[in-house]
Amino acid sequence: MVLALLVSGVVVLLVLVGLFVFGLRRRLIQRSGGTFDCSLRWNVPETDPRPDGKGWVYGVARYNSDRIEWFRVFSYAPRPRRLLERASIEVLERRAPQGDEELALLSDAVVLICVHQGTRLELAMSEDALTGFLAWLEAAPPGQRVNVA
């Protein structure tokens, strides 16, 4: 009986510590400002006739000078999972979520189809975050090319 209570207490404590670390990591990512919720689908085939909602990963993106640092939400990693250089991002089109994507993404998401260094990707973010993202892309220093459709 005592052993069962001790094991249960340790399990509850580990779960609470894990949740605390998730929250602390998100706080540290957001501390420097310039963050927004952004789902990512990497290496999307060009001939994707109907998006099925698979492959989306929920994350937080952070502006850092001339790049976007993208962090997975459900991860303990302190470093970004993807780095998107401003000069290498080419926006192809934007669209509303289709079919099962509406269930995989946040309710007010807009999907932005891009190419980054030859890799096709999709970013899903709110309309407000999209406005900021496109303004950040267009605010490139003189001499850098900007590809916004």
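Per an unreviewed UniProt entry, the protein chain carries the name DUF2550 domain-containing protein and comes from Streptomyces aureoversilis.

Asks: When you look at the packing of aromatic side chains in this model, what are you seeing that I'm missing?
Replies: For any pair of aromatic rings, the description rests on two quantities: the centre-to-centre distance and the angle between the ring planes. Enumeration according to the criterion identifies three aromatic pairs in this entry. Arranged with centres 5.5 Å apart and planes meeting at 45°, the rings of Tyr63 and Trp136 form a pair that is tilted. Note that Tyr63 is positioned in strand S3 (residues 59-64) and Trp136 in helix H3 (residues 127-138), a separation of 73 residues in sequence. Assessed through its relative accessible area of 23%, Tyr63 is described here as partly exposed. Ring geometry for Phe133 versus Trp136: centroids 6.1 Å apart, planes at 35°, classification tilted. Pair noted here: Phe133 and Trp136 are both in helix H3, with a separation of three residues, about one helical turn. Trp136 gets classed as buried once you look at its relative accessible area, which sits at 11%. Taken together, the ring pairs connect Phe36, Tyr63, Phe133 and Trp136 into an aromatic cluster.

Asks: I would appreciate a short explanation of the sheet that holds strand S7 (residues 109-116) in the present structure.
Replies: Within a sheet, adjacent strands bond to each other through the backbone by hydrogen bonds, running parallel or antiparallel. Spatially, four strands are ordered S2-S8-S7-S6 in an open sheet, and the strand pairing comes out antiparallel. Both edges of this open sheet fall to strand S2 (39-42) and strand S6 (89-95), since each of them pairs with a single strand only. The average undirected angle you get between the axes of adjacent strands in this sheet is 25°. Bridge count between S2 and strand S8 (residues 119-126): four bridges; the pairing is antiparallel. Looking at S8, one finds that Trp42 is bridged to Leu121. Across the sheet, H3 is in contact with S6, S7 and S8; its angle to S8 comes to roughly 130°.

The rules we used
Residues numbered from 1 in each chain as written. Predicted model: local features only at pLDDT ≥ 70, side-chain atom pairs only at ≥ 80, totals over all residues. Heavy atoms only, no water. Phe/Tyr/Trp six-rings, centres within 6.5 Å; stacked < 30°, edge-to-face > 60°. Helix = DSSP H or I, 4+ residues; strand = E, 2+ residues; numbered from the N terminus. Buried < 20%, exposed > 50% of the residue type's maximum accessible area, 1.4 Å probe, protein only. Pairing = 2+ DSSP bridges. Axes fitted to C-alpha atoms, helices over the stretch in contact; angles between N-to-C directions. Contact = heavy atoms within 4.5 Å.

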